[in-house]
Each structure stands twice: as C-alpha cells, then as structure tokens.
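Architecture and fold: a report
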Amino acid sequence: MKTGNESIKTVFILSGLFQYGHMDIFLFVAIVILFAVALMGNLILFLLIQLDTRLHTPMYFLLSQLSFMDIMNISTTVPKMATDFLSNSKTITFLGCEIQTFVFIVLGGTEALLLGFMSYDRYAAICYPLHYPLLMSKKICWFMVTCAWTSCSINALVHTLYVFHLPFCRSRLINHFFCELPSLLQLACQNTSQYEYTVLLSGLIILLLPFMAILASYARVLTVVFQMSSGKGQTKAISTCSSHLIVASLFYVTALSTYTRPHSLHSPGQDKAVAVFYTIITPLLNPFIYSLRNKEVIGAMRRLLV
C-alpha cells in the first residue's frame, strides 16, 4: 500500500487558467461552450469534405486533415481544463501528464507542417496550374501527411522521454492549465540549459521553417495573382490564400513565442495566455475562416441539407 508521500510523487497539480475561485462556474460554462462550438465546427467541416465528392481535391483533403487535428487538439487539453474549474484537487497523474505532453507535441508539430503543405498546395495551384495534378497527386498528398505525422511523432517521443526522466524534486505544481513542455522544465531540479537548445532547434525546424515557406510561397502567389487579367480570378485566389494566411499567422506566431524563447524569458501568465490561442482560439476559428469565406464549402453544405 502506498503512503501519502509516495502517492504525491505519482501526480502533478495544475494551477489552471485562472486562479479566481468565484469565477469558476462562469469560466467552466464559457470553456464548455467554446469547446462545443470548436468541436462541432471542425467535425461538420471534416464530414462535409468526406461526404461531398466535389470536395475530394488536394486542398480539401489537407483541410480535412487540419480539422481532424483540431478535433484531437482541443480534446487533449480543453476537457481537463474545464473539469479543473469544478475540481478542488486539479491533479493529473504522472502517466496522464506524459501522454498529454506527447499527444500535444505530436498534434502541434503535425499541424505546423500541414499548414506549410497547404501553402505549397495553393502555390502549385496558382503558379503552376497545368502541372497541378502531377504536383499534388493523391500519392503526394498522402506522402506529405504521413511524413508530417511520422516525423512529429518521433520528435514528440524524444522530447517526452527526456523530460519525464528528469528529476522533479521541486514542487509538483505546474503553473499551467495542461502539461506543456516549458512549464514542466521549470519543475526540474537539473540544469536543462543544454536541452533547451534542442527545444529551440525543434521549434525552428517545425515552426519557423514552414512559416517562412508560407510567407515565401504567398509572396510568389501574390505576384502571379496581380498579373492576372481576370478580376474574378484575383478575388478568388486572394480570398483562398488570405484565409490560410490568417490561420497560419495566428498559429505560428503564438507557438513560436512559446517554443523559441529562452527559459529565463518565460512567464507563466504569458505562457497560459498565449497557449489559449493555439489550444482553443485557432481550432475554434479554423472551420469558420475556411467555410464562411469559401463558396465551395457553403455550396456543399447546401447540397447536403437539401
């Protein structure tokens, strides 16, 4: 039978998003509503793309993958955060924290690479329309997605195994609303300055490189678009690309601010505020940005409802 001290060593305590007890019910309701809207929005978009054959194109295949990742993303962090508003203990087991960290890193990294592939899709469609079927064939699309999942799973496994083998001899209180890598490093009683360079390197490769590729590809796209003689073609191209650029900018800027900053510059309050964007706000906005501004998606929804 485990003693009290031994059982404490098997759990972490999450401080939560806010620490104002009198607002717990209100925050719980607000988070549940946001979670439900984000879940339904992404689920509807995912099913719509699967059911409507007119949306069986490379662009919508990648978009369906994004919706699937967002469903998993919010399901990994938000339910636990919401229940903690009504819980006095706010504990999470060592294994649960380890799984949450691994899954979150996998999903975050895969989404970062996927957004980069989506920009390549628009680049190929607008700049090389005649070669588009070859550049974005079904095999290439699946290859992109498989590479993203595989590489980010390996990256997440390496980071998770390393961090959870560190000695946590300080407080078990994680000053966050979920188990995120930078917050866990603050609990380690071992010097992690060398390891932080690997986190920075991973962040630069998985986050910054795709973001730079997106900016470069859209610079080229805009050049081609403004050379078009058709005003209707310009409007459609700009609308499609701007939607993706809005989502990408919101995701990358917030994620980069967390995973490329030195440990000494991290503030728990800022980390939690920034994390809200890529754990709740981005998955919430993604389906609406892509659907409400996309006539093909709206048309598919009308055909499904009629």
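Note: the structure precedes this text.
Read on for an overview of the structure. This structure is a prediction, so every number in the text was calculated from the model and none was measured. Within every chain, residues take consecutive numbers counted from 1 along the sequence as written. Given that the model is predicted, a residue must reach a pLDDT of at least 70 before its local features are reported, and side-chain atom pairs must reach 80 or more before they are shown or counted; all residues, however, enter totals for whole chains, interfaces and linings. Values reported for side chains reflect all heavy atoms of the structure, with hydrogen atoms and water molecules removed beforehand.

**What about empty space enclosed by the protein?**
Each cavity reported here is a set of points on a 1 Å grid over the protein atoms alone in which a 1.4 Å probe fits but cannot get out, each pocket an open set with protein on both sides within 12 Å along at least five of seven lines, and each lining residue one with an atom within 4 Å of a point. Grid points are joined across faces, edges and corners, and a volume is the space filled by probe spheres set on the points. For the structure shown, the criterion picks out two cavities of 30 Å³ or more. By volume, the largest cavity is sized at about 270 Å³. A run of H or I in DSSP counts as a helix once it spans at least four residues, and a run of E counts as a strand once it spans at least two, with each numbered from the N terminus. Those elements that provide at least two residues to the lining of the largest cavity are α4 (94-127), α6 (138-163), α8 (193-225) and α9 (231-259). For the lining of the largest cavity, the leading source of residues is α8, giving five residues. Three residue categories are used. Nonpolar comprises Ala, Val, Leu, Ile, Met, Phe, Trp, Tyr, Cys and Pro, charged comprises Asp, Glu, Lys and Arg, and polar comprises the others, including Gly. Partitioned by chemical class, the residues of the lining of the largest cavity number 10 nonpolar, seven polar and no charged.

**Quick notes on the packing of aromatic side chains**
Planes of paired rings set the category: under 30 degrees apart is stacked, over 60 is edge-to-face and the rest tilted, where pairs are Phe, Tyr or Trp rings (Trp by its six-membered ring) whose centres lie within 6.5 Å. For the coordinates displayed, the defined rule picks out 14 aromatic pairs. Ring geometry for Phe 12 and Phe 168: centres 5.4 Å apart, planes at 90°, overall edge-to-face. Highlighted residues: Phe 12 in strand β1 (residues 11-14) and Phe 168 in the loop between α6 and β3 (173-174), separated in sequence by 156 residues. The same class applies to Phe 12 and to Phe 168, which are both buried. Where Phe 211 meets Tyr 252, the ring centres are 5.1 Å apart and the plane angle is 25°; that geometry is what we call stacked. Taken as a pair, Phe 211 in helix α8 and Tyr 252 in helix α9 lie far apart in primary sequence, 41 residues in all. Exposure categories follow from relative accessible area, calculated using a 1.4 Å probe and restricted to protein chains: below 20% of the type maximum is buried, above 50% is exposed, and the middle band is partly exposed. Overall, Phe 211 belongs to the buried group, its relative accessible area being 12%. Exposure remark for Tyr 252: the relative accessible area of 0% places this residue in the buried category.

**As for the state of the cysteines**
Sulfur atoms of two cysteines make up a disulfide when they are within 2.5 Å. In the structure shown here, the tally under the stated rule is one disulfide. The disulfide partner of Cys 97 is Cys 179, and the gap between their sulfur atoms is 2.0 Å. Handedness here is read from the sign of the S-S torsion; for Cys 97 and Cys 179, about -125°, the answer is left-handed. Of the two residues, Cys 97 sits in helix α4 while Cys 179 sits in the loop between β3 and α7 (181-185), which places them 82 residues apart along the sequence.

**Structural notes on the environment of Ile 238**
Note that Ile 238 resides in helix α9. With relative accessibility at 33%, the residue Ile 238 sits in the partly exposed group. Expressed as a C-alpha distance, the spacing of Ile 238 and Ser 202, which sit 36 residues apart in the sequence, is 31 Å.

**Quick word on the sheet that holds strand β2 (residues 91-93)**
Adjacent strands of a sheet pair through backbone hydrogen bonds, lying either parallel or antiparallel. In space, the three strands of this open sheet follow the order β2-β1-β3, with mixed pairing throughout. On the outer flanks of this sheet lie β2 and β3, each paired with one strand and no other. Strands are treated as partners if at least two bridges between them are detected by DSSP. For β1 and β2, the ladder comprises three bridges, and the chain directions are antiparallel. What sits directly across from Phe 12, in β2, is Ile 92. Whether two residues touch is decided by their heavy atoms; if any such pair falls within 4.5 Å, the residues are in contact. With axes taken as lines fitted to C-alpha atoms, and helix axes fitted only over the stretch in contact, angles between N-to-C directions fall between 0 and 180 degrees. Contacting β1, β2 and β3, α4 crosses the sheet at an angle of about 85° to β2.

Just distances and angles here, no functional claims.
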